[in-house]
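Architecture at a glance
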Amino acid sequence: MDARDHDTARLLLNQVLEAYETKAPKAMAVLEAGFEEETKDLLLPEKYRKRLRTTNALERLNEEILLRKRVIRIFPNRESALRLIGALLMEID
């Protein structure tokens, strides 16, 4: 993202909307509808933004789940899988 703050992001959004609203009105409507949700990290201090922008934490969590899943191999039901994931999340927290 090129924007350093929310106002700059809004300005860039408006430029894109003006340029493409006649060519792709549905896409621009989706872009405008999701703008606030997708730029909420700009309200935080810059030192936290990179951690929120990357997927490293999610990738690590998925690796931990896979490691534990390999030990068990087959879950008898969905609830047992959710218990394992819940226990892992509690351990990490």
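Here goes a summary of the coordinates provided.

Each value, and the rule that gives it
Residues numbered from 1 in each chain as written. Predicted model: local features only at pLDDT ≥ 70, side-chain atom pairs only at ≥ 80, totals over all residues. Heavy atoms only, no water. Helix = DSSP H or I, 4+ residues; strand = E, 2+ residues; numbered from the N terminus. Rg over C-alpha atoms; globule rule 2.2 N^0.38 Å. Buried < 20%, exposed > 50% of the residue type's maximum accessible area, 1.4 Å probe, protein only. Areas by Shrake-Rupley, 256 points an atom, 1.4 Å probe, with all protein chains shown as cover. Salt bridge = Lys/Arg side-chain N within 4 Å of Asp/Glu carboxyl O. Core = buried A, V, L, I, M, F, W, Y, C linked by side-chain atoms within 4.5 Å. Contact = heavy atoms within 4.5 Å. Axes fitted to C-alpha atoms, helices over the stretch in contact; angles between N-to-C directions. Parallel < 35°, antiparallel > 145°, perpendicular 65-115°, else oblique. Left-handed = near helix turned anticlockwise from the far one by under 90°. Nonpolar A, V, L, I, M, F, W, Y, C, P; charged D, E, K, R; others polar.

Observations regarding the overall build of the protein
Helix and strand counts for the protein stand at six helices and zero strands. For the protein, the α and β elements follow one another from N to C terminus as α-α-α-α-α-α. Scaling as 2.2 N^0.38, a compact globule of 93 residues should have a C-alpha radius of gyration of about 12 Å, whereas the protein reaches 20 Å, well beyond that. The burial tally for the protein puts 16% of its 93 residues in the buried class. Total accessible area computed for the protein in this model is approximately 8,000 Å², and 56% of it derives from carbon and sulfur atoms.

Observations concerning the pattern of salt bridges
Taken as a whole and judged by the stated rule, the model has six salt bridges. Of the charged contacts in the structure, one is a salt bridge between Arg10 and Glu36, with a shortest N-O distance of 2.5 Å. With a gap of 26 residues between them, Arg10 in helix α1 (residues 6-20) and Glu36 in helix α3 (residues 35-38) connect regions that are remote in the sequence. One salt bridge in this structure joins Arg68 and Glu64, with 2.6 Å as the shortest N-O distance. Here Arg68 and its partner Glu64 are both found in helix α5 (residues 56-72), four residues apart, which amounts to about one turn of the helix. For Arg68, a relative accessible area of 25% translates into the label partly exposed. A relative accessible area of 15% places Glu64 in the buried class. Salt bridges here are not isolated pairs; linked through shared partners, they connect Arg60, Glu63, Glu64, Arg68 and Glu91.

Observations regarding the nonpolar core
Counting residues in hydrophobic clusters, the biggest one holds seven residues: Ala3, Ala9, Leu13, Leu17, Met28, Phe35 and Leu42. Contacts of Leu13, omitting those with residues within four sequence positions, involve Leu31 and Phe35.

Observations concerning the environment of Leu42
Mapping Leu42 onto the fold places it in the loop between α3 and α4 (46-53). Leu42 gets classed as buried once you look at its relative accessible area, which sits at 8%. The spacing of Leu42 and Arg73 is 31 residues in sequence and 42 Å in space, taken between C-alpha atoms.

Points about the packing of α5 against helix α6 (residues 78-92)
Running from N to C, α5 and α6 cross one another at 135°; their axes reach a closest spacing of 11 Å. By the angle class used here, α5 and α6 are oblique. In this structure, the crossing between α5 and α6 has a hand that is right-handed. Every residue of α6 that contacts α5 at Leu61, Glu64, Ile65, Arg68, Lys69 and Ile72 is listed here: Leu84, Ile85, Leu88, Leu89, Glu91 and Ile92. For the contact of α5 with α6, the per-class residue count stands at eight nonpolar, no polar and four charged.

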